Amino acid sequence: SQLSLTHSHTLALTLCMLDHILRCSLHNFLNTAKRNVRRSKMPLCGGVGEIKPADDEVHDICTEIKAEAEQQAGTTFDTFKATTYATQVVAGTNFFIKVDVGSDKFVHLRVFRGLPHAPGLKLHSLQMDKGKEDALDYF
């Protein structure tokens, strides 16, 4: 009887210690994961990323989409140069692009590029009468 009581206490103490170790480990793991997510520069699926200067890829997109943008706008653009952009990861990628169209005027484009199984670009929408200082936001 004395032996089984000691054995029961040992088993209970061991289980209690294991429970404590697992809880502390899980707590530390979750806190580390939260800190890493906050520091991460990876785009969040569905969220619009940071605004960056236009690069070669964005300039190529604008070249390809210019005729469609002119058709939607009902005008022609003598100047059509991307200045900044942001991306949004969806079932493909949305590009939000600020384009200098000359005379201190800008347009904002939302261009969708599909995944590899459905490639191509589609001008989703266009905002006219924008200025250099107008924020490039989701639209």
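Use the structure listed above.
Residues numbered from 1 in each chain as written. Predicted model: local features only at pLDDT ≥ 70, side-chain atom pairs only at ≥ 80, totals over all residues. Heavy atoms only, no water.

Peer 1: Would you mind going over the overall build of the protein with me for this structure?
Peer 2: When you go through the protein residue by residue, the secondary structure sums to two helices and five strands. Each helix (α) and strand (β) of the protein, taken in turn from the N terminus, gives the series α-β-α-β-β-β-β. Within the protein, the proportion of its 139 residues that are buried is 26%. Long-range pairs, those at least 24 residues apart, make up 48% of the contacts in the protein with a sequence separation of at least 6. (Helix = DSSP H or I, 4+ residues; strand = E, 2+ residues; numbered from the N terminus. Buried < 20%, exposed > 50% of the residue type's maximum accessible area, 1.4 Å probe, protein only. Contact = heavy atoms within 4.5 Å.)

Peer 1: Is there a simple way to think about a nonpolar patch on the surface in this case?
Peer 2: Taken together, Leu-11, Leu-15, Met-17, Leu-18 and Ile-21 make up a surface patch of nonpolar side chains, about 490 Å² in accessible area. Structurally, Leu-18 can be placed in helix α1 (residues 2-39). We classify Leu-18 as partly exposed; its relative accessible area is 46%. (Patch = residues over 30% accessible without salt bridge, like charges linked within 9 Å, V, L, I, M, F, W, Y side chains within 5 Å. Areas by Shrake-Rupley, 256 points an atom, 1.4 Å probe, with all protein chains shown as cover. Salt bridge = Lys/Arg side-chain N within 4 Å of Asp/Glu carboxyl O.)

Peer 1: Explain the sheet that holds strand β5 (residues 121-130) here, please?
Peer 2: Think of a sheet as strands paired side by side through backbone hydrogen bonds, with each pair either parallel or antiparallel. An order of β1-β2-β3-β4-β5 is seen for the five strands of this open sheet, with the pairing classed as antiparallel. The open sheet has two edge strands with one neighbour each: β1 (52-53) and β5. Bridge count for strand β3 (residues 92-102) against strand β4 (residues 105-113) is nine bridges, and the pairing is antiparallel. Each residue of the ladder has a partner; that of Val-99, found in β4, is Val-107. Helix α2 (residues 56-73) rests against β2 (81-90), β3, β4 and β5 of the sheet, and its axis sits at about 70 degrees to β5. (Pairing = 2+ DSSP bridges. Axes fitted to C-alpha atoms, helices over the stretch in contact; angles between N-to-C directions.)

By themselves, these figures tell us nothing about what the structure is for.
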